[in-house]
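# Report on the structure
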Amino acid sequence: MQKTKMSVKYMTTVAMFCAISFVAVLIGKLVPNIAGFLSYDPKDAIVAIAGFILGPAAAAIIALIVSFIEMLTVSTTGPYGMLMNFLSTCAFAIPAAWFYKKSHSYKGAVIGLGIGVALMALCMVLWNYIITPFYMGVPREQVAAMLVPIFLPFNLVKGGINAGLTLLIYKPVVNALRKARLVPPSKSGQKGKFSLGFTLFAVAVLVTFVLLFLVLAGII
């Protein structure tokens, strides 16, 4: 009975994160594109938070479900776009969730997200080189010429924004889920404490990368 109850809670929490992630996708559509076709996607932050709470496997499941729903609804890039979205989100969220699981602390969260940003940026350079020519209908040489000056900085900045956003909203989200009894209480038995220093650090990361995004977009 207890196992069934926990399974229902797990599925409910996964479904909730899927819904919030899709809302984040819709919000991302309001943000200006970079180079006319690269769009910022805040759902990676939501998936990373889900990974912090539920583990790396849950992050992969949510990334797959939301990428599929996005393909069926608001995406114009079809299966290629779904694959790229899934790979990008997994490259960011899964390493971050895995490291945070090994080192369950503020420091672990920061390092995990830093690893996620770096791996996502590097992975997307490779996958853009392989896949982008197919769905954009352009020569591979043209895509190769954009890898370092466009794709790499875009993914680093996108990852940085989502890392800052994850650090900023993780505690409020997990505390709300604990109050709703959708996730178990802290193993230490203590409620998540507000840390002004860590919050200011998260804000600084977020603001820095938002400004860099505005520079890439040509807005400032």
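Our structure's up above, just so we're on the same page.
This section reports on the structure supplied with the text. (Residues numbered from 1 in each chain as written. Predicted model: local features only at pLDDT ≥ 70, side-chain atom pairs only at ≥ 80, totals over all residues. Heavy atoms only, no water.)

A word on the overall build of the protein. Across its full length, the protein carries 7 helices and 0 strands. For the protein, the α and β elements follow one another from N to C terminus as α-α-α-α-α-α-α. Taking 2.2 N^0.38 as the reference for a compact globule, 220 residues should give roughly 17 Å; the C-alpha atoms of the protein span a radius of gyration of 18 Å, in line with that estimate. Expressed as lengths along the three principal axes of its C-alpha atoms, the size of the protein is roughly 55 × 40 × 30 Å. Split into buried and exposed, the 220 residues of the protein put 40% on the buried side. A sequence separation of at least 24 residues applies to 75% of the contacts in the protein between residues at least 6 apart. Charged side chains of the protein number 17 positive and 4 negative; the gap between the two group centres comes to 24 Å. (Helix = DSSP H or I, 4+ residues; strand = E, 2+ residues; numbered from the N terminus. Rg over C-alpha atoms; globule rule 2.2 N^0.38 Å. Buried < 20%, exposed > 50% of the residue type's maximum accessible area, 1.4 Å probe, protein only. Contact = heavy atoms within 4.5 Å. Lys, Arg positive; Asp, Glu negative; His and termini not counted. Charge placed at Lys NZ, Arg CZ, Asp CG, Glu CD.)

On the surface, Val8, Tyr10, Met11, Ile61, Ile65, Phe68, Ile69 and Leu72 cluster together into a nonpolar patch covering about 700 Å² of accessible area. Mapped onto the nonpolar patch, the elements with two or more residues apiece are α1 (2-28) and α3 (56-72). For the nonpolar patch, the leading source of residues is α3, giving 5 residues. Turning to its location among the elements, Val8 is positioned in helix α1. (Patch = residues over 30% accessible without salt bridge, like charges linked within 9 Å, V, L, I, M, F, W, Y side chains within 5 Å. Areas by Shrake-Rupley, 256 points an atom, 1.4 Å probe, with all protein chains shown as cover. Salt bridge = Lys/Arg side-chain N within 4 Å of Asp/Glu carboxyl O.)

The end-to-end C-alpha separation of helix α7 (residues 196-216) is 30 Å, in line with the 30 Å expected for 21 residues at 1.5 Å each. When α7 is considered as a whole, its buried residues turn out to be Phe198, Ala202, Val205, Leu206 and Phe213. Seen end-on, α7 carries its buried residues on one side only, within an arc spanning 90°. Along α7, exposed side chains directed more than 90 degrees from the buried face belong to Leu196 and Leu200. Each element contacted by the buried residues of α7 is listed here: α5 (106-136) and α6 (140-179). (Expected span 1.5 Å × (residues − 1). Arc of directions from axis to C-beta.)

In terms of nonpolar packing, the biggest core is built from 39 residues, with Phe17, Phe52, Ile53, Ile62, Phe92, Leu113 and Tyr170 touching the most fellow members. Of all the secondary structure elements, the ones that give two or more residues to this core are α1, α2 (43-54), α3, α4 (78-102), α5, α6 and α7. With 8 residues, the single largest contributor to this core is α4. Excluding residues within four positions of it along the chain, Phe52 makes contact with Ala96, Ala97, Tyr100, Ala109, Leu113, Thr166 and Tyr170. Within the second largest apolar cluster, 13 residues are counted, among which are Tyr40, Val138, Leu147 and Phe151. (Core = buried A, V, L, I, M, F, W, Y, C linked by side-chain atoms within 4.5 Å.)

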